Amino acid sequence: MIQVGSVLKVCDRTGVSLVQCIKVFGSYKKRIASLGDVILVSIKKFNMGKFQFSKTKRKRRFLKGSLQRALIVRTKVKYQRFVGVYVRFDENAVVLVNKSVIPISNRVFGPVLRELCIKYPALGSISRYII
């Protein structure tokens, strides 16, 4: 369960490594987000690697402290499937998305649930491991 103030890992190829939850989208009373929910995050830390700059040295795509939408793809809390099986991950992870919930990057690292790939087909097409 992700609340306001939770620090999350970014598991895509945008160059951002850590974000912090600012707001949970949904109803105005919603305070806790789970798998498949869209949240508003603030960028906290970059991965100082090859993903930040292109070969043409254009501007950085994301700035520290800027706000971005994100889709939750992994949580530490157990998720129960329809057949009664529980699935749990070791970390809380998100993928940065735009307003129409299409991922910004072209690759997702780590496993993604099958239910999310059915709900968001664009996420399923770029993920490598589907559980």
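Now for a description of the structure that goes with this document. Remember, predicted model here, so these are calculated numbers, not experimental data.

Counting residues in each nonpolar core, the largest one holds 36 residues, and the members touching the most others are V16, V19, I39, V94 and L123. Mapped onto this core, the elements with two or more residues apiece are strand 1 (7–10), strand 2 (16–24), strand 3 (38–46), strand 4 (67–74), strand 7 (93–97), strand 8 (108–112), helix 1 (114–119) and helix 2 (121–126). Aside from chain neighbours lying at most four places away, what touches V16 is V10, I43, K45, F46, F62 and L96.

Here we come to the state of the cysteines. What the rule picks out here adds up to 0 disulfides. Not part of a disulfide, C11 finds its nearest cysteine sulfur in C117, a span of 11 Å. According to the relative accessible area criterion, C11 is buried, its value standing at 3%. Note on C117: relative accessible area 13%, which makes it buried.

What follows covers the sheet that holds strand 1. The strand order around the closed barrel built from 5 strands is 1-2-3-4-7, with neighbouring strands paired in mixed fashion. In this sheet, neighbouring strand axes are inclined to one another by 55 degrees on average, regardless of whether the strands run parallel or antiparallel.

Below, the discussion takes up the environment of F25. Within the secondary structure, F25 sits in the loop between strand 2 and strand 3. Look at F25 and you get partly exposed, because its relative accessible area is 25%. Between the alpha carbons of F25 and K76 there is a distance of 20 Å; along the sequence they are 51 residues apart. What F25 contacts, discounting residues up to four positions off in sequence, is K30, V38, I39, L40 and R69.

Burial of strand 1 is one-sided: the residues L8 and V10 facing one way are buried, the residues V7 and K9 facing the other way are not. Pairing analysis gives 3 bridges linking strand 1 to strand 2, with the strands arranged antiparallel. From the neighbouring strand, L8 faces strand 2, where its bridge partner is V19. In this structure, the hairpin formed by strand 1 and strand 2 is closed by a connection of 5 residues, where G15 is found at a positive phi of approximately 100 degrees. Of the strand pairs in this sheet, strand 1 and strand 7 are connected by 2 bridges, and their pairing is parallel. Bridge pairing links V10 to V94 in strand 7.

Looking now at the pairing of strand 3. Among the 9 residues that make up strand 3, 7 are buried, leaving the element largely enclosed by the rest of the structure. Two strands pair when backbone bridges link them, and strand 2 and strand 3 are joined in this way by 7 bridges, in the antiparallel orientation. Its bridge partner lying in strand 3, Q20 is registered against S42. Bridge analysis of strand 3 against strand 4 gives 5 bridges, and the strand direction is antiparallel. The partner of S42 across the bridge, within strand 4, is L67.

Cut-offs used in this document
Once a new chain begins, its residue numbering starts again from 1 and follows that chain's sequence as written. Since the coordinates come from a predicted model, pLDDT governs what is reported: local features require at least 70, and pairs of side-chain atoms require 80 or more to be given and counted, while whole-chain, interface and lining totals use all residues. Calculated side-chain values reflect all of the structure's heavy atoms, with hydrogen atoms and water omitted. Buried residues of nine kinds, namely Ala, Val, Leu, Ile, Met, Phe, Trp, Tyr and Cys, make up a nonpolar core once their side-chain atoms join them within 4.5 Å. Throughout, exposure labels follow a simple rule: accessible area from a 1.4 Å probe, protein chains only, divided by the maximum for the residue type, with under 20% read as buried, over 50% as exposed, and the rest as partly exposed. Strands here are runs of E lasting at least two residues and helices are runs of H or I lasting at least four, both read from the DSSP assignment and numbered beginning at the N terminus. Only heavy atoms enter the contact rule, under which two residues are in contact if any of them lie within 4.5 Å. Throughout, disulfides are identified as pairs of cysteine sulfur atoms within 2.5 Å of each other. When DSSP finds two or more bridges between a pair of strands, those strands are recorded as paired. Axis lines are fitted to C-alpha atoms, over the contacting stretch for helices. Their N-to-C directions set the angle, which ranges from 0 to 180 degrees.

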